Structure formats: C-alpha cells, structure tokens
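# Architecture at a glance
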Amino acid sequence: MKWPAISHPWLKSALLLAAVCALLLAGRYFIDRQWDVPRLGFSALLFFFFAIFLNRWCAAWAALSLEGLLWNVSYVKTKATGEPLLGRDLLEVGQGLALTAYIDWDIIGFAVGLVAAVSLGLWYRPSFRKRRLLPGLVLCGIVGCQFDTSGRYALETQRWLSKTLDTRYVFYNFRENVKQNGILAHLVLSAESMHVPKPGQHDFYSVQLPPLAQPANPDLVVVMCESCYTSRDDKLPTALQQLTRRGFVHARAISPVYGGGTADAEYEALTGLSSLSLPGIDFQNFSSRYSEQSATLASELDSAGYLTTGMHNYHGSFYKRAEVYPKFGFQQSRFIDRMYWDRKAGWPLDKSMYDVALQNYRSAAPEQKQFMFLVTVSTHGPFIPNNDSGIGQYQTRLAAAVRDLENFEATLFKLAKQRQRPLVLVVFGDHKPALNEEFVARGILPQSMFELDQKGALAFKNQLSGAEQKLRGDVPLMIKANRPELAAQLAGELNDKPLFCLPASLSRQTSPTSPFFNAVAARCERNEGFYVEGLWWRHVFPEALYAERLFAS
C-alpha cells in the first residue's frame, strides 16, 4: 500500500515537528523517566541548538544522548561525593579525573551515542536556514547570562526561566535542584558566576574568648586523611582505632561533606569559616579571586613566626591547591611532582608525602616553629566490591595507610624531642567513605536517611534534618601531643563540633592570638546554632566576614 503524498508544506512541517516531539518524549524513558515542564523545555532548547548544524533526527538523538550522559555523570558524582554535577564542574574537566574509576556502561553508551549522533548529523547536515538559528541561540543566550559577573542578568534569566519553564532554583540544596528541575536546567542554573562576597558591617567580633594566659606555641602538624573513618564504638572498627594505643586521644568532628568534596573540609580546617556559605567547591571556584593576603590559619601562623608548609601527594592542580596554598599563607608547598610515585600501583602512597614532610621538619632550625598541613590520597575511592559492599578493600587500604601514618608519627615525635620542641599532631578524616549500604547495615546511619535511586542504590534523601546532617558528617578526630594534657584539652574543646572549630583551637595555642579565631572559639564553645534547620551558616558567619578575610585587596 502506498501512502498518499503530503502536498501542503505546513502540514509536512507540522508532522515532522510532531515526530521530533514524540522522539524527545519517548527518549526520556532512557534518561530519568520524568516528563515535567523544566525537563521537556530544556530538552527542546538543546534540540534546537543541535538543529542549527545537524540533521533534525540526529539533533534529537544528540540532545537525548547528551542529557543522558550528563545525568549519568551526575549520578556517579552524587554516589561518590553526595553532591551532583554542577555547571561550573564542566569548566573544570581536569578535576573529574579522580572519578574516572566510577565510569559505568551507561556513561559509555550515552557518550558513544552522542559521538555517533553528531557525526551522522554533520554527514547529513541540512543546508543552512536562518529560521533554525534563532531558536538554537536561545540556549546560548541563557547560558551566557549565567556568567554575567554583576549577577544582574543571571538573576533576570532565572526569573524568566521560572515564568516560562516553571524552574525553581534551589541554590542551597543542589540535589533537590536536580530533582525539581532536571539535570539540564540544574546545570544552567548552577553555572551562575560565583559572586565574590560583598564587604559590609558586621558584629562578629563582639563575642570573643580571652587569649590563653600561657599558650604553648607548639609545632603543629595536621593530617587530613582521605576517607579515613572508624566508628566511635564497635559498629565499624578500623585500623585507625589503633592510634589510641599510641597515645592519641579520640574525639569526633563534623565534616561538611560525605564521600567526597575533600577541599570543602580542607577549606573549613584552614579558614575557620563554614564552606556551606559559598556555592560549589570553594577552592576551585574562587581560586583566582582570593586575595594574596587571605587571612587563614596558615597566614596568621606565618605572621606569628611559624614556617608554614602545605603538602598533598597528588597533583597540585587538583582542586587548584597549587594556586590557593600561597594565597592562604603557606610559605612552601609540595605536590606529587616532587615526591615518589609508582603509577602502576594506583593512588600514590602516603609514605611518599610523609618522607618529604619529615625531611622538611628535620632540616629547619631547632628554634623554628613549624606548621604543616598534610592531605593524604592513598585511601581515595572507589572501593571495589568483592562479594561485599567494598568494605574489604577499604579496610585493607586503610590499614596500609595507617601503617604509613604510624611510622611517620613515631619519627616525627623523635625529631621533636631532639629539637626540644612541643608538638601537636592532629589526624582527622575529611569525610566518610561512600559505603552507604555498609553504614546502614551496621547501624551507623539509619535507613530513614536514604531512599532508592533510579538504579536501585541507596542515596541520601534531598532533605535531611540538622541532626541527620551532623550524623552524616561525623568523622574521627585524633590528637597526640608530647604534652598529653594538651592533647586531652584540645580533644575536649573540639569533640562533636564542626571542622571550622579546629583552626580556632590550634590558633589559640599560639601567640599572638587572632581576634577572629577567638571569636570563632567563643561560638564553638557554646556549640549552638550549628547544623540546625534552615540556612544556619548565614546566622553564624555574615557574608561580609568572608569578604574581609579572603577577598580584601
């Protein structure tokens, strides 16, 4: 049977458009199986963009493939770090190298589909038509407005999208933002320029603890241990608990992140400010905008006569540490390019960094006060399941990391004794490892904090109470000093408190003490208003304080 020819051009165009719409609608089944207005609207905008230079069928295929690829990459990042892909992440592709081990077949399939769609679409590309240009450039205009440094056009664009595509920008909860708007709208909305905090009046210094009468002025060595965890009880003991037999006092701290986002924990431990006040990963987004005279724990110890050193046994470009560390007051920094690394063995061993740190500590003048901030990487995920959740590999790798740490600790305290210097060594986990099923099975995290994602895996609910956020961020904090009473004092001050309290307590052991850290210590002593309902950080740390500490010229 021969179908009748369609003689009316407008009818033919209408049928073709209807067919494309049907393809875009059907394709959503393979992405997130949701068909609300923001998702359909942005899928159509992406199609119109590809249709500028691709055959219409390939444009629809490319739009669906790209959205599916982005959704699955975001899924992988969320599972590993607890936070979805952000618009700004797309400009920092190199930072995603640490997540390549998490790539699954869905990502590969959508990536191949995208390449095939673009290739075929270019091969069968239509002749250029002006009528395709205008709708295709709408998405470009929306994205461009998000990078307006004044913020005015970004705000107007967000309002327009809210009216036309029913988007709701949940800027304070990116997981919820993805859920409400879809991955495409989320990436566009979260691509807004990271606006530098504005200076202004505040009363943060109105409440301060008085300086200590006789600060110890010890050498300070802080080890931020990648994914290092042990429970406070016998629910999940790991090799990290062995440190208590070596004179460490075991306390707990509250990390702002889970499973990943190391640099946000690092940010709090160095600045004494909450990382929740600034969107995205603060090191990465603001690296070029931080003041050369940023006020941090390192910069203030530098002013107090300390030799300040930052080290990480991975690339200095990772989270842009090589750019940030000098601005944050580190006189010297060392990264993997100046350490030993057997690449065939996987992640660099922590021993490589500890050896360099000991060499630096040993070579300084005996009377020289020192501050070292060491960020480990050997226990970085993922942890491959072997008839378990991945806990077996995690325990094995953590045990090796702890052995390196114990050897470092033993030599470090011998050197401090030779130098006749007081010494405080702090070890804390930057976040829990991403072992959701294991934490639920062992009763460390309640099932009520989770829901099943579209692939059947446990994922945190988008809305967690303050108490649940504290439980999610609970990490071990171990402190040892060659004056045991000092370790006990610091552990008591910091137990069950946010990581931004750590630099305040350490700063107060030195002289002169900063008014800022005395003010942070006063709030940490009260331990009120942290991790409660709502945007609690705004009530603790005024925006003008960030401008004053980190962005003042």
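In this numbering scheme, every chain counts its residues from 1 along its sequence in written order. Two thresholds apply to this predicted model, a pLDDT of at least 70 for residue-level local features and 80 or more for giving and counting side-chain atom pairs, whereas whole-chain, interface and lining totals are computed over all residues. The side-chain quantities take in all heavy atoms of the structure and omit both hydrogens and water.

## A look at the overall build of the protein chain
- Where helices and strands are cited, they refer to DSSP runs of H or I of at least four residues and of E of at least two residues respectively, numbered from the N terminus. Scanning the protein chain for helices and strands turns up 20 helices and 10 strands.
- Dimensions of the protein chain, computed from C-alpha atoms along their principal axes, come out at roughly 95 × 55 × 45 Å.
- The buried share of the protein chain, reckoned over its 553 residues, is 56%.
- Here the analysis covers contacts within the protein chain between residues at least 6 apart in sequence; of these, 74% occur between residues at least 24 apart.
- Only the protein chains shown count as covering a residue, and every accessible area follows the Shrake-Rupley method with a 1.4 Å probe. With an accessible surface of roughly 24500 Å², the protein chain has 58% of that area assigned to carbon and sulfur atoms.
- Positive charge is attributed to Lys and Arg, negative charge to Asp and Glu, and no charge count is given to His or to the chain ends. Taken as the charge location is NZ of Lys, CZ of Arg, CG of Asp or CD of Glu. Looking at charge distribution, the protein chain has the averaged site of its 57 positive side-chain charges lying 6 Å from that of its 50 negative ones. Exposure categories follow from relative accessible area, calculated using a 1.4 Å probe and restricted to protein chains: below 20% of the type maximum is buried, above 50% is exposed, and the middle band is partly exposed. Throughout, a residue-residue contact means that at least one pair of heavy atoms, one from each residue, lies within 4.5 Å.

## Some thoughts on unusual backbone geometry
- With an omega dihedral of 5 degrees, the bond running from Gly-381 to Pro-382 counts as a cis peptide bond.
- Along the chain, the position of Pro-382 falls in the loop between strand S5 (370-375) and helix H13 (391-419).
- Backbone torsion omega between Ser-511 and Pro-512 reads -5 degrees, so that peptide bond is classified as cis.
- With respect to the secondary-structure elements, Pro-512 resides in the loop between helix H17 (502-507) and helix H18 (515-526).
- Backbone geometry places Arg-33, a non-glycine residue, at a positive phi of 60 degrees.
- Among the secondary structure elements, Arg-33 is positioned in the loop between helix H1 (9-27) and helix H2 (37-50).
- Residues other than glycine seldom take positive phi values, yet Asn-527 does so here, at roughly 55 degrees.
- Turning to its location among the elements, Asn-527 is positioned in the loop between H18 and helix H19 (536-540).
- Residue Asn-527 is classed as partly exposed on the basis of its relative accessible area, which comes to 32%.

## Re a nonpolar patch on the surface
- Any residue with relative accessible area above 30% and no salt bridge may belong to a patch, with like charges joined within 9 Å and the nonpolar Val, Leu, Ile, Met, Phe, Trp and Tyr side chains within 5 Å. For salt bridges, the criterion is a side-chain nitrogen of Lys or Arg within 4 Å of an Asp or Glu carboxyl oxygen. Side chains of Leu-25, Tyr-29, Phe-30 and Trp-35 sit close together on the surface and give an oily, nonpolar patch of about 450 Å² of accessible area.
- Tracing the sequence through the fold places Trp-35 in the loop between H1 and H2.

## Topic: the nonpolar core
- Remark: nonpolar core denotes a set of buried residues (Ala, Val, Leu, Ile, Met, Phe, Trp, Tyr, Cys) joined through side-chain atoms within 4.5 Å. Ranked by internal contacts, the top residues of the largest apolar core, which has 66 residues, are Phe-371, Phe-373, Val-426, Phe-428, Ile-479 and Phe-541.
- For this core, the element with the highest residue contribution is H18, accounting for 7 residues.
- Setting aside residues no more than four positions away along its own chain, Phe-428 makes contact with Val-222, Val-223, Met-224, Cys-225, Ala-269, Pro-476, Leu-477, Leu-499 and Leu-502.
- Formed by 53 residues, the second largest nonpolar core is a distinct cluster that contains Met-311, Val-377, Val-402 and Met-449.

## A few points about the pattern of salt bridges
- Inspection of every chain in the model, using the stated rule, returns 19 salt bridges.
- Asp-166 is the partner of Arg-168 in a salt bridge, and the nearest nitrogen-oxygen pair spans 3.1 Å.
- Residue classification places Asp-166 among the partly exposed positions, given a relative accessible area of 38%.
- Overlapping salt bridges, with partners in common, bring together Arg-28, Asp-32, Asp-36, Arg-39 and Glu-67 in one network.

## Examining helix H7 (residues 174-189)
- What a helix should span is 1.5 Å times the count of its residues minus one. With 16 residues, H7 should cover 22 Å at 1.5 Å per step; its first-to-last C-alpha distance of 10 Å lies more than 12% under that length.
- At Gly-182, H7 shows its largest kink, close to 120 degrees.
- Across the 16 residues of H7, 14 count as buried, placing the element largely inside the fold. Throughout, the bend at a residue refers to the angle made by two axes, fitted to the seven residues ending there and to the seven starting there.

## Looking at H13
- Relative to the 42 Å expected for 29 residues at 1.5 Å per residue, H13 spans 41 Å between its end C-alpha atoms, a close match to the ideal helical length.
- In the stretch just after H13, Gln-420 is the one whose phi turns positive, near 55 degrees.

## A short note on the environment of Ile-52
- With respect to the helices and strands, Ile-52 occurs in the loop between H2 and helix H3 (56-81).
- Residues Ile-52 and Pro-135, 83 residues apart in the sequence, show an inter-C-alpha distance of 8.6 Å.
- Ignoring anything within four residues of it in the chain, the contact list for Ile-52 reads Arg-132, Leu-133, Gly-136 and Leu-137.

## A look at the side chain of Asp-350
- Relative to the assigned elements, Asp-350 resides in helix H12 (residues 350-363).
- Of the side chains with opposite charge, Arg-397 lies nearest to the buried Asp-350, which makes no salt bridge, at 9.1 Å.
- Definition of a polar contact: a pair of N or O atoms within 3.5 Å, with one able to donate and the other able to accept a hydrogen when the atoms are protein atoms, and with sequence-neighbouring residues admitted only if both atoms are side-chain atoms. A polar atom in the side chain of Asp-350 sits 3.1 Å from the side chain of Asn-313.

## Re the state of the cysteines
- Disulfide: a pair of cysteine sulfur atoms within 2.5 Å of each other. All chains considered together, the criterion is met by 2 disulfides.
- Each disulfide pairs two cysteine sulfurs, and for Cys-225 the partner residue is Cys-228, the sulfurs being separated by 1.9 Å.
- The exposure class of Cys-225 is buried, given its relative accessible area of 3%.
- Taken in sequence order, the bonded cysteines of the protein chain link in the pattern 1-2, 3-4.
- No disulfide involves Cys-58; its sulfur sits 17 Å from that of Cys-21, the nearest cysteine.

## Let's talk about the environment of Val-375
- For Val-375, the position within the fold is in strand S5.
- Residue classification places Val-375 among the buried residues on the basis of a relative accessible area of 1%.
- When sequence neighbours within four positions are dropped, the list of residues in contact with Val-375 reads Met-224, Thr-262, Glu-266, Met-311, His-312, Asn-313, Arg-321, Tyr-325 and Met-353.

## Considering the pairing of strand S6 (residues 423-429)
- In terms of residue burial, S6 counts as a mostly covered element, since 7 of its 7 residues are buried.
- Residue alternation in S6 divides its side chains into two sets, Leu-423, Leu-425, Val-427 and Gly-429 and Val-424, Val-426 and Phe-428, and both sets are buried.
- Pairs of strands are assigned from DSSP output, requiring at least two bridges between the strands. Of the strand pairs in this sheet, strand S1 (residues 219-225) and S6 are connected by 7 bridges, and their pairing is parallel. If you follow Leu-220 over to S6, its bridge partner there is Val-424.
- Here S6 pairs with strand S9 (residues 474-481) via 5 bridges, running antiparallel. Residue pairing across strands places Phe-428 opposite Leu-477, the latter belonging to S9.

## Focus on the packing of H12 against H13
- Helix axes use the C-alpha atoms of the stretch in contact, all axes being lines fitted to C-alpha atoms, and the angles between their N-to-C directions lie in the range 0 to 180 degrees. Two elements in contact, H12 and H13, have axes whose closest approach is 10 Å; the angle formed by their N-to-C orientations is 5 degrees. For the element pair H12 / H13, the angle class is roughly parallel. Residues Asp-350, Lys-351, Tyr-354, Ala-357, Leu-358, Tyr-361 and Arg-362 of H12 form the contact with H13, whose own contacting residues are Ala-401, Asp-404, Leu-405, Phe-408, Thr-411, Leu-412, Leu-415, Ala-416 and Arg-419. Roughly parallel refers to an angle under 35 degrees, roughly antiparallel to one over 145, roughly perpendicular to one between 65 and 115, and oblique to any angle outside these ranges.

## Concerning the packing of aromatic side chains
- A pair of aromatic rings is counted whenever rings of Phe, Tyr or Trp (Trp by its six-membered ring) have centres within 6.5 Å, and the orientation is called stacked for planes under 30 degrees apart, edge-to-face for over 60 and tilted otherwise. Enumeration over the complete set of coordinates arrives at 33 aromatic pairs.
- The interplanar angle of 70 degrees and the centroid separation of 6.2 Å between the aromatic rings of Phe-50 and Phe-53 together place this pair among those described as edge-to-face.
- For Phe-50, a relative accessible area of 7% puts it in the buried group.
- When the centroid spacing of 5.0 Å and the interplanar angle of 65 degrees are considered together, the rings of Tyr-290 and Phe-328 count as edge-to-face.

By themselves, these observations are geometric and do not establish any function.
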